[in-house]
Structure formats: structure tokens, C-alpha cells
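Chain residues, written in single-letter form:
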Amino acid sequence: MKIITNYLFKVRQKAILSDLKLFGWKIYTTILFFFLFALIIENIFYLSTEVRTNILFIFSSIFLIFFMWLIIVLFQVYYNSFERYNLSNLARKVGYLVFSKNDTLLNAFQIESSGGLTSSKELREQFIAKTIDVLNKTNLSNIFPSKKIDQWKKITFISLLFIGLIILSFWHNSTSAMYRWSHPTTEFIPPKPFDIFSSTGHVNILGGENANVTFYTSGEKVPDSLIIEFVPLMLDTNNDSIIIKKVGVTDNKYNVTLNEVFQNYQYRSYYKSNVFWQPWNEISSRKFSISVTDRPSMNDFTATIFSPNYTKVPIKTQKANQAEIQAILGSRIEVSLKSNQKLEDAKILLDNNKKTMVTNGKIAEYSFIVNKDLEFSIHLTDDRGISNRNPIPFRVTMINDISPEMNILKPSPIIELGGDQEIPIAMIIKDDFGFSNLQLAYEIQRPTYINAEPFISMFNIPINELDKSRQELKTTWDLKPLSLMPEDEILFHFELYDNDVISGPKKTISSTFIA
């Protein structure tokens, strides 16, 4: 039996376990700080999906390489070829710590391994027995002290406490960063201190006129200046140039004038980041157009919305700078405009269906009923036979009348009738434009041994204010006229109708109640 070799195997096992513990605490502390660093970097820069994916891929590759290296090391240890855990090195190290002669254990290991080729069996066994006797009295924990492990435990605990305090101090930012790291393929838009909007929107002018554009910002920060960029739509690099103007703020407005405009432009306003750690490079408004033409144009455009009478919604008007029109189903929209030229003809293109507008000099009018979402544009022809250019597209968004709602407060789903034969009713009803009717439908079921058909009926519950969109109703249902008998059961529910006369009243039915 190879006593010394088996002992060295135990020493190697203890050495590996001690090194793994120390290495584990070091790795754990390193990962904590990498985790904190990743949160800080993500909070500052709002990394792109490509960067986040690449970083995670690199860390995964490092982990895979480390795992493969660990497997290789285990094979080397198994075959006693890894220098640090070689049995001879371990014998030398333990002998240095335990014996007065540093090479005692190494000699014993070599003698045992040689099988007694150079010494007598009796002397060999006596030497090995004496050596193993000393080793058995030695505590392996003294050979591999845990002082460094305990130190790294403290370092890890302090690091964990420090990182935890930082995360708690910036909880919202930290959790947001962790969420973005957990979704590396999702692109997140970094928050911006303000947004830029245009007050003028799309601009239509005649050739040679000045174009006045205005921007404003909305947000926590008001920049002291913005850059406004004008780009010709038909850019000729030999003859045209991009116009860039920097304008200061006045009452949160940024005004600039482009003098004597003879071609179409696309313009926007933007603000450049002046520090590298901002998560955004640029804040920009939408792009708007300046249309320049001597063709007939709409000097005045009005869309008047007449909602259905039952809605009681007042008449609304919109101008040309509002390209989206919202209207309730069944509304009538009257479009009227005044051109800068006397009109020979005016057409309105409703979802690619061309309709003729009524014209009178420079004025054109047309009306239509809204029954779906649609787009329209207006095409003008003046008395010279010249038509307008780049008509503004308008979009009509239809608003549906939603179904009514009711919240039954009383009665309970299952009730026991008292001697007064009455059921108190209380509910809250809601609708966007009002109601037309509230009904209670009921069915009286007799006991099965009577063999009688159920009695079915309904009656109206009065609503005092049909046009009020939200109201609470209270009433009492007197069941005495029904002449109920013992063991009779009443199943009933409520049916609420709104006042939609365009597509028909919409009905909401409550759940079934049992009395």
C-alpha cells in the first residue's frame, strides 16, 4: 500500500480546494465590480444593441475559455503533470513546513514510488512508517491556512455592501440599466432633456416670399440656442447649398426667417450634444417642408366638423396647419378654402376618389360624411389652367361610439328575498354620449314538480338624464305583483343601451342575478 502517495493525494485535494475557494472569492469580487461598471456604462451611454451583444459575447467567450482551461487543468492534475499540484512539489512543500529536514517527505515519497530498488525492505518500511507517523500528527489546515480566504471574504462583503448601496441610491437608473442588459437585442431610445417642436409646421409660400419658421422646446431644460437647417429638396451640389442658422431663444421660441425663397426646402431644428458622455448625440425635430410655388394655393383652409346630433358635441373647426382631423362616425365635414387665384376648377381626392367641389371665384367648398378612416387632398386649377403643386394630404380619423358601461352596486349576485318582496337596485352607468334605454329582463322558474313553463318578461328602468354621460341610478323592484310562491326562483339581468342613432344603439348586458 502506498501510504505516502495516498497522503499526498489528500494534500493535493486540500490544496486544490483551498485554491478554488481563494480564486472563487476573487472572481466573485471581480464580477461584482464588472457588474457595477456595466450598469454605470449603460446608464451613461445607453449602449446600442450591437455593443451590448458584443460585450455579452466577449464575456461568454471568456467564461467558455476559462471552463475549457479548467477541464485541461483537471486532466493535467489527474495525470500528475500540472506543476503546482505535482505530488513531488507538494511533498517538497509539506516537507519544508513539517520536517526539520526539508526533503524528508520527498525522499519518503521517492523511496515508496521506487518500490525498494535501492534499499532494504525493512529500512524502507521503517522510514516510511516514521514519516507517516509525523504526518498523521500534522493538521493539514496548518499547511493551508485560511487567512487569505478570510481576507477576500471581507473584501467581497465590503464590495457587495458598497455596490448594493450604490444600486439602492440610484435604484431607478440601476433597474433600468439591468433591464436593458437583460434584453441585449432590443433597441432602447435614450431619454432626452427636451423635445423640439415646430409651431409653423409645413409652410406654403409663393416664389420670392420670405419663409418664417418657429420652433419651441418642451422638457426640463431650455437650450439657449438651436440650429435650424434648410436643405433644398432638389439639391444640386454645384449650384445649391445647405443653409444652417443658429438662433437664440426668446420666450421659449426660436424664430428664423429665410429671405426671398424661390425653391422648395425641407427644414428641421436640432441640438448637438456637447459632451461625450451624453447617451444621445443629437435632439432633432421632425422634418417639415417649405413649398414654394406661383401656382394657386390655399390662403385660407377651414374644415368644419358637425358631429351627429345625439352626441351634443359642439361644432369644431380646424385650419390647414392641422393635417389630422378627428371626427365621430356619422359626422359631416365641410371643407372650405380660399385660393390666392380665381379658380376654374377644384377637386377633392377622397381615398383616390375624385369629387368636384363647388367653386365661386376664389372660394371652393365640399362636404362629406365620415364612415371610415380616410385621406383627402385638394387639387386646384386657376383660370389660367395652372394647377396647384404638392397638395397637403389631410387624414380623417374616425372615432367610434363606444359601448355603454354599468357597474352594479346592488343587488348581490345571489340574494334571498325578504318578506317585503323587494329588491333594491343601485348602479353606476357610463357612456361617451348618453343613453337611450335601461331594461331589466327576468325569468321566473317554478319548482320542477309543478311542471310549469318559466315566465319570461322585462320592463324599463327610467333614466332621468339620458344625455348625462355618467350617473348613478337607484330604484327598488317590487316583486309583489308577480305573486311568487315558495321555492320560486327569479333569474334576471340588466340591458343598457346607448343613444347611437348612426350605427344603432349598442347594448351592454350584465351578468345574471338570482333571487
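What you see is a predicted model, and the numbers here were worked out from it, not measured in a lab.

Enquirer: Sorry, what's going on with the overall build of the chain here?
Expert: Scanning the chain from N- to C-terminus turns up eight helices and 27 strands. If one aligns the C-alpha atoms of the chain with their principal axes, the spans along those axes are about 130 × 100 × 40 Å. Out of the 515 residues belonging to the chain, those deemed buried represent 36%. Long-range contacts, defined here as pairs at least 24 residues apart, represent 65% of the contacts in the chain between residues at least 6 apart.

Enquirer: Quick question: what am I supposed to make of the packing of aromatic side chains here?
Expert: Geometrically, a pair of aromatic rings is defined through the distance of the ring centres and the angle of the planes. Under the counting rule described, the total for this entry stands at 25 aromatic pairs. Taking the centre distance of 5.8 Å and the plane angle of 75° together, the rings of Phe494 and Phe513 count as edge-to-face. A residue pair is termed long-range when its members are at least 10 positions apart, and Phe494 in strand S25 (residues 489–498) and Phe513 in strand S27 (residues 513–514) qualify at 19 residues. When its relative accessible area of 0% is taken as the criterion, Phe494 is described as buried. Aromatic rings pair up to connect Tyr442, Phe455, Phe459, Trp477, Phe492, Phe494 and Phe513 into one cluster.

Enquirer: Help me understand the sheet that holds strand S19 (residues 394–399), please; the structure alone is not making it clear to me.
Expert: Within a beta sheet, neighbouring strands are joined by backbone hydrogen bonds and run either parallel or antiparallel to one another. If you trace the five strands from one edge of the open sheet to the other, you get S12-S19-S18-S14-S15, paired in mixed fashion. The open sheet terminates on both sides in strands that have one partner only, identified here as strand S12 (324–328) and strand S15 (353–356). Strand-to-strand twist across the sheet, computed as the mean angle between neighbouring axes with direction ignored, equals 25°. Bridge count for strand S14 (residues 343–350) against S15 is four bridges, and the pairing is antiparallel. In the sheet register, Leu350 faces S15, and the bridge partner there is Asn353.

Enquirer: Teacher, can you tell me more about helix H1 (residues 3–45) here?
Expert: For an α-helix, 3.6 residues make a turn, and residues three or four places apart therefore share a direction. Taking 1.5 Å of rise per residue, the 43 residues of H1 would be expected to cover 63 Å, and the 62 Å separating its terminal C-alpha atoms lies within 8% of that figure. Downstream of H1 by a residue or two, Tyr46 has a phi angle that is positive, lying close to 50°.

Enquirer: Would you take a moment to explain the nonpolar core for this structure?
Expert: When a protein is soluble and globular, its nonpolar side chains tend to lie buried together. Residues Ile333, Phe368, Phe376 and Ile378 are the most contacted members of the largest nonpolar core, which totals 25 residues. At the level of secondary structure, the elements contributing two or more residues to this core comprise strand S10 (298–306), S12, strand S13 (332–339), S14, strand S17 (363–369), strand S18 (374–382) and S19. Sequence-distant contacts of Phe368, that is, excluding residues within four places in its chain, are made with Ser331, Arg332, Ile333, Val335, Ile348, Leu350, Leu374, Phe376 and Val396.

Enquirer: What is the right way to look at the pairing of S13 in this model?
Expert: Each regular strand shows side chains that alternate between the opposite faces of the sheet. Burial along S13 is one-sided: Ile333, Val335, Leu337 and Ser339 are buried, and none of Arg332, Glu334, Ser336 and Lys338, which face the opposite way, are. Of the pairings in the sheet, the one linking S13 to S17 comprises seven bridges and is antiparallel in character. Bridging across to S17, Ile333 finds its partner in Phe368.

Enquirer: How do you make sense of the side chain of Thr156 when you look at a structure like this?
Expert: Tracing the backbone shows Thr156 in helix H7 (residues 147–169). Looking at Thr156, the relative accessible area reads 2%, which means it is buried.

Enquirer: Is there a simple way to think about helix H4 (residues 104–114) in this case?
Expert: Inspection of H4 places Thr104, Leu105, Leu106, Ala108, Phe109 and Glu112 among the buried residues, and these make up the whole buried set. Looking at the buried positions of H4, the neighbouring elements they touch are H1, helix H3 (87–98) and helix H5 (121–136).

Enquirer: How do you make sense of the sheet that holds S10 when you look at a structure like this?
Expert: Across the sheet, which stays open at both edges, the five strands sit in the order S11-S10-S13-S17-S16 with antiparallel pairing between neighbours. The open sheet is flanked by strand S11 (316–319) and strand S16 (358–360), the only strands paired with a single partner. Each strand axis lies, on average, 20° off the axis of its neighbour in the sheet, ignoring direction.

Enquirer: What's the story with the side chain of Thr508 in this structure? I'm lost.
Expert: Of note, Thr508 is situated in strand S26 (residues 507–509). Separated by 2.6 Å, the side chain of Thr508 and the backbone oxygen of Pro404 make a polar contact. In contact with Thr508, other than residues within four places in its own chain, are Ser403, Pro404, Met406, Phe494, Glu495 and Leu496.

Enquirer: Just checking my understanding: could you explain the pairing of strand S21 (residues 422–430) for this structure?
Expert: Two strands pair when backbone bridges link them, and strand S20 (residues 405–410) and S21 are joined in this way by five bridges, in the antiparallel orientation. Residue pairing for S21: Asn407 is matched across the bridge by Ile428. Here S21 pairs with strand S24 (residues 470–478) via nine bridges, running antiparallel. When the sheet's bridge partners are listed, Lys430 is paired in S24 with Arg470.

Enquirer: I would appreciate a short explanation of unusual backbone geometry in the present structure.
Expert: Backbone geometry follows two general trends: most residues other than glycine have a negative phi, and most peptide bonds adopt the trans configuration. Here the amide bond leading from Lys410 into Pro411 is cis, since omega sits at 0°, within 30 degrees of zero. Here Pro411 is to be found in the loop between S20 and S21. Notably, Asn252 is not glycine yet its phi reads approximately 60°, a positive angle. With phi around 75°, Glu487 is a residue other than glycine that occupies positive phi space. Along the chain, Glu487 falls in the loop between S24 and S25. In this structure Glu487 comes out as exposed when scored by relative accessible area, which is 58%.

Conventions used here
Residues numbered from 1 in each chain as written. Predicted model: local features only at pLDDT ≥ 70, side-chain atom pairs only at ≥ 80, totals over all residues. Heavy atoms only, no water. Helix = DSSP H or I, 4+ residues; strand = E, 2+ residues; numbered from the N terminus. Buried < 20%, exposed > 50% of the residue type's maximum accessible area, 1.4 Å probe, protein only. Contact = heavy atoms within 4.5 Å. Phe/Tyr/Trp six-rings, centres within 6.5 Å; stacked < 30°, edge-to-face > 60°. Pairing = 2+ DSSP bridges. Axes fitted to C-alpha atoms, helices over the stretch in contact; angles between N-to-C directions. Expected span 1.5 Å × (residues − 1). Core = buried A, V, L, I, M, F, W, Y, C linked by side-chain atoms within 4.5 Å. Polar contact = N/O pair within 3.5 Å; in protein donor to acceptor, adjacent residues only side chain to side chain.

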